[in-house]
Amino acid sequence: MFFYQGLIGLGIFFLIFAILYAKAQPKIRPLILIAVIALLAALGKYNPLYVAMLKVTGFYSFRNPSKFLFFALFAGSVLSGFGFSKLFNQPDKRLVKSA
């Protein structure tokens, strides 16, 4: 087992927490949309919608669809940061006593 495999699982945990946090915070919804669209575009010929997008929009100038991975990874990193900050900055209601 390589070292980076454990780090990927930890990042996905924070990413899932950020997606759950999106219901309460509408500012991060565009980042989720960017991440999903960029990831689907990066799949290239393995995504059936990519072929339809090529024929409808004339998107032939991008020969290498993996260029979209940058946008997906950037949005995923920012979303993981939101999830990390939300997880560790929320007050623990069990520790706060009501007066």
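Residues numbered from 1 in each chain as written. Predicted model: local features only at pLDDT ≥ 70, side-chain atom pairs only at ≥ 80, totals over all residues. Heavy atoms only, no water.

Engineer: Go over helix H2 (residues 29–42), please, and point to the residues and values.
Structural biologist: For H2, built from 14 residues, the straight-helix expectation of 20 Å at 1.5 Å per residue is met to within 8% by its first-to-last C-alpha distance of 20 Å. Every buried residue belonging to H2 is among Leu31, Ile32, Ala35, Ala38, Ala41 and Ala42, and all of these are buried. Looking at the residues trailing H2, positive phi occurs at Gly44, about 65 degrees. (Helix = DSSP H or I, 4+ residues; strand = E, 2+ residues; numbered from the N terminus. Expected span 1.5 Å × (residues − 1). Buried < 20%, exposed > 50% of the residue type's maximum accessible area, 1.4 Å probe, protein only.)

Engineer: Just give me the short version of the side chain of Asn47, but keep the residues and values in it.
Structural biologist: As for its placement among the helices and strands, Asn47 is situated in the loop between H2 and helix H3 (48–57). In this structure the side chain of Asn47 is engaged in a polar contact, spanning 2.9 Å, whose partner is the backbone oxygen of Leu40. (Polar contact = N/O pair within 3.5 Å; in protein donor to acceptor, adjacent residues only side chain to side chain.)

Engineer: Can you lay out the nonpolar core for me, pointing to particular residues and giving the numbers?
Structural biologist: Formed by Ala18, Tyr21, Ala22, Ile28, Leu31, Ile32, Ala35, Ala75 and Leu79, the largest nonpolar core amounts to nine residues. Of all elements in the fold, only helix H1 (3–21), H2 and helix H4 (69–89) reach the threshold of two or more residues within this core. Of all hydrophobic cores here, the second largest spans five residues; its members include Ala38, Ala42, Phe68 and Ala72. (Core = buried A, V, L, I, M, F, W, Y, C linked by side-chain atoms within 4.5 Å.)

Engineer: Help me get a handle on the confidence of the model for the chain, residues and values and all.
Structural biologist: Overall, the prediction assigns the chain a mean pLDDT of 75, with 74% of residues at 70 or greater. Mean pLDDT per element in the chain: H1 is the minimum at 68, and H2 is the maximum at 86. (pLDDT = per-residue confidence, 0-100.)

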